[in-house]
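Here's the letter readout for the chains.
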Amino acid sequence: MSGLKLFHTTNSGVTEVTPRLAAVEADVQDLVEAHMESMLSVTFLASEYVIDCVDGGRIDSLGLDENGAPVIVEYKRGTDAGVINQGLFYMAWLMSHKDAFRSLVRDRLGASAASQILWSAPRLICVAGDFTRYDAHAVREHRRSIDLVRYRYFGSDHFGLETVASVTGHMAEAKRARRRAPGLPVRQQGGAMAELAAAVDEVLVGLGDGVTRVQRKQYRAYQRLRNFACLIPPQQTKVLVYLKADPTAVDVVPGFTRDVTGLGHHGTGDLEVQLRTERDLERAQDLFRLSYAAA
């Protein structure tokens, strides 16, 4: 289970510590939609999106995550056994109506974003007051990427999110493995840097529960609801990893770490880590843990 992440939401001078649920479901939806980028690293696209099917329905929130994957967010005030099935119903509709989603992305974010949608990794994020142990078990039986996220209000100033369960879609993962995407850092490709990249992969996945991988052509992302690291395909002399750690909070060492805030690069994160040897990987592990905790 991921640790609780608190978000400051108002400027009130009074802070209560007693956690509480929202008065109504819409309060949670409005708050998350207004801060979706900072809370979930998802770009907000639409609210109460009406789907055109026989049974009808409205998708609470639609978005695009930092890797370009479609995201459906469903909300419940308290505990609701139907939230997962409802979200999966909407995801099935989305995957059979890609043109509608592509058109939405094009209208909101432009043609370039619409052409780079990561259809192999659609995500369902369920935000609710709580979940049962049966919910956590159920998501592991599905072939889709699902995140169960518990929320709480803390007084009038803070809003907390806590990941209860996070599962990568098995079907998409299996397809990616069979395709062996170019630049995928695996030992079978040979070479010292490929082996180092494979060791980095093992370390990042082993940082804790709930780590999922998302493969893009230019990088592999490691997520805990949000990206905490991006591994770039190995170069001839080094392996690059981008972390969500704050560059101003660490000692930047020339030739090992670099502040890339505002600089264009593949993947996400403002701290670049340059690895050339196994020793560098050992040095980097505290930074990996720092970024993992921040996510």
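Our subject is the structure that appears above.
Please read all numbers here as calculations on a predicted model, not as lab measurements.

Draft legend 1. Inspection of helix α9 (residues 278-294) at higher detail. Its 17 residues place the ends of α9 24 Å apart at the C-alpha level, agreeing with the 24 Å of an ideal helix rising 1.5 Å per residue. At A284, α9 shows its strongest bend, of approximately 40°. Every buried residue belonging to α9 is among D280, L281, A284, L287, F288, S291 and Y292, and all of these are buried. In this structure, the buried side of α9 is in contact with α8 (192-205), β10 (220-224), β11 (226-231), β12 (239-243), β13 (257-259) and β14 (271-275).

Draft legend 2. Geometry of the packing of α8 against α9. For the pair α8 and α9, interaxial distance at closest approach is 11 Å and the crossing angle is 25°. By the criterion of interaxial angle, the relationship of α8 to α9 is roughly parallel. Remark: the crossing between α8 and α9 carries right-handed chirality. Here α8 contributes L196, A199, V200, V203 and L204 to the contact with α9, which in turn contributes E278, L281, Q285 and F288.

Draft legend 3. Inspection of the nonpolar core at higher detail. Ranked by internal contacts, the top residues of the largest apolar core, which has 32 residues, are L62, I72, I84, F101 and L148. Sorting the residues of this core by element identifies β3 (42-50), β4 (58-65), α3 (83-95), α4 (98-109), β6 (123-128), α6 (133-139), β7 (145-154) and β8 (158-167) as the ones contributing at least two each. Ranked by residues supplied to this core, first place goes to α3 with eight residues. Once residues lying within four places of it in the same chain are set aside, the contact partners of F101 are L45, L62, G63, L64, P70, L94, I117 and W119. A199, V200, A245 and L275 belong to the second-largest nonpolar core, a separate cluster that totals 26 residues.

So, how was this worked out
- Residues numbered from 1 in each chain as written.
- Predicted model: local features only at pLDDT ≥ 70, side-chain atom pairs only at ≥ 80, totals over all residues.
- Heavy atoms only, no water.
- Helix = DSSP H or I, 4+ residues; strand = E, 2+ residues; numbered from the N terminus.
- Expected span 1.5 Å × (residues − 1).
- Bend = angle between axes of the 7 residues up to and from the residue.
- Buried < 20%, exposed > 50% of the residue type's maximum accessible area, 1.4 Å probe, protein only.
- Contact = heavy atoms within 4.5 Å.
- Axes fitted to C-alpha atoms, helices over the stretch in contact; angles between N-to-C directions.
- Parallel < 35°, antiparallel > 145°, perpendicular 65-115°, else oblique.
- Left-handed = near helix turned anticlockwise from the far one by under 90°.
- Core = buried A, V, L, I, M, F, W, Y, C linked by side-chain atoms within 4.5 Å.

That's the geometry; what it means functionally is another story.
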